[in-house]
Amino acid sequence: MIPMNMPQLQGAPPPEAHGDLIRMKWSVLGLMGFGIGRFLFGMEILNTLSIFLAVVQASFVLKDDPHMIRVYSCLSKSLFQSCAERGMEGLGCLFPFLLFNSINVVMDILLRSVYIFAGLYGMMLLGTIGCGAASSYYAWKVYKVCQDGVSNSMEMESGSNYVQADDNHNNAPNSYAAGGPGSPGFEVFSGSGNRLGG
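Below you will find a few notes about this structure. Here the structure is a predicted model, which means the values were calculated and not measured. Per-chain numbering applies: the sequence of each chain, read as written, is numbered from 1 onward. Totals for whole chains, interfaces and linings use all residues, but because this is a predicted model, local features are given only for residues with pLDDT of at least 70 and pairs of side-chain atoms are given and counted only at 80 or more. Values shown for side chains rest on all heavy atoms present in the structure; no hydrogens or waters enter the calculation.

**What about the overall build of the chain?**
And step 1. The way it works is that DSSP assigns letters per residue, a run of H or I at least four long becomes a helix, a run of E at least two long becomes a strand, and they are numbered from the N terminus. A count of helical and extended segments in the chain gives six helices and zero strands.
And step 2. What you see in the chain, going N to C, is helices and strands ordered as α-α-α-α-α-α.
And step 3. Residue burial in the chain is summarised as follows: out of 198 residues, 30% are buried.
And step 4. What makes two residues a contact is simply this: any of their non-hydrogen atoms within 4.5 Å. When contacts within the chain are restricted to residue pairs at least 6 apart in sequence, those whose partners lie at least 24 apart make up 71%.
And step 5. Every accessible area reported is derived by Shrake-Rupley at a probe size of 1.4 Å, with residue values counting cover from the shown protein chains alone. Approximately 13,400 Å² of the chain is accessible, and the part contributed by carbon and sulfur atoms is 62%. The classification of residues rests on relative accessible area computed with a 1.4 Å probe and restricted to protein chains. Under 20% of the type maximum is buried, over 50% is exposed, and intermediate values are partly exposed.

**Details of the packing of helix α2 (residues 45-61) against helix α5 (residues 94-112)**
And step 1. Throughout, an axis means a line fitted to C-alpha atoms (over the contacting stretch in the case of helices), and angles, computed between N-to-C directions, take values from 0 to 180 degrees. As a packed pair, α2 and α5 sit with axes 9 Å apart at the nearest point and diverge in direction by 155 degrees. As far as their axial angle goes, α5 and α2 are roughly antiparallel. Like other packed secondary-structure pairs, α2 and α5 cross with a definite hand, here left-handed. Between α2 and α5, the residues in contact are N47, S50, I51, L53, A54, Q57, A58 and V61 and L94, P96, F97, F100, N101, N104 and R112, respectively. Throughout, the term roughly parallel applies to angles under 35 degrees, roughly antiparallel to angles over 145, roughly perpendicular to angles from 65 to 115, and oblique to all others. It is the rotation of the near helix from the far one that decides the hand of a crossing: anticlockwise by less than a right angle makes it left-handed, clockwise makes it right-handed.

**Quick look at α5**
And step 1. Expected helix span is computed as 1.5 Å times (number of residues minus one). If you check α5, its first and last C-alpha atoms are 26 Å apart, about what 19 residues at 1.5 Å a residue would give, namely 27 Å.
And step 2. Among the residues making up α5, those that are buried are L94, F97, L98, N101, N104, V105 and D108. Taken down its axis, α5 places every buried residue within 135 degrees of arc, on the same side. Facing away from the buried side of α5 by more than 90 degrees, the exposed set consists of L110 and L111. Working definition: the arc comes from the directions between the helix axis and the C-beta atoms, pointing outward to the latter.

**A short note on the packing of aromatic side chains**
And step 1. Each aromatic pair joins two rings of Phe, Tyr and Trp (for Trp, the six-membered one) with centres within 6.5 Å, and gets the label stacked for planes under 30 degrees apart, edge-to-face for over 60, and tilted for any other angle. For the coordinates displayed, the defined rule picks out six aromatic pairs.
And step 2. When the ring of F60 is compared with that of Y72, the centres are 5.0 Å apart and the planes differ by 80 degrees; the resulting orientation is edge-to-face. In this pair, F60 is assigned in helix α2 and Y72 in helix α3 (residues 69-76), connecting sequence segments 12 residues apart.
And step 3. For F60, a relative accessible area of 4% translates into the label buried.
And step 4. Its relative accessible area of 13% is what places Y72 among the buried residues.
And step 5. Centre to centre, the rings of Y115 and Y121 are 6.4 Å apart; their planes meet at 70 degrees, and the pair counts as edge-to-face.
And step 6. Pairwise contacts between aromatic rings join F52, F60, Y72 and F80 into one cluster.

What follows is the structure, given as structure tokens:
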């Protein structure tokens, strides 16, 4: 596992992200419509299932939107009730949606782009690729705005507690006096240690 020091996005999106959230909503609704058409004209079960899961994630992100609230309430009271009960909604679902939807778009381009000129199915495929790419782009823009807001607030909170080396006269505890790392008598790996397994 790779530890990632990323602040978790929570709460309401900032006002700067409102326009991109609306654009993301319309591209997700387009993705939903073209996904239904792709299922009807191509009878692709697994590919349309991945589109359905992307739309589910987007509906959990956009749960407060007036156009998506019906979709969210239907899903949160039926198939995905456990996700709603655990609080997996709102901005916390934004990055998983962005990642999952972007993978869908890339896989469609790599594996299905030869069918773009295949009549109605090709139009539906092109529509899902376009709407999926647009929704990923707007989700990324919203994520960046929210991430910048979280980073700035974390810097402001932690900046007041930061003590620089020159400012540490006698107010903060001295690690040299405690014999900790960095003190003159400290030697790495000098302890007796414990053996594991006997």
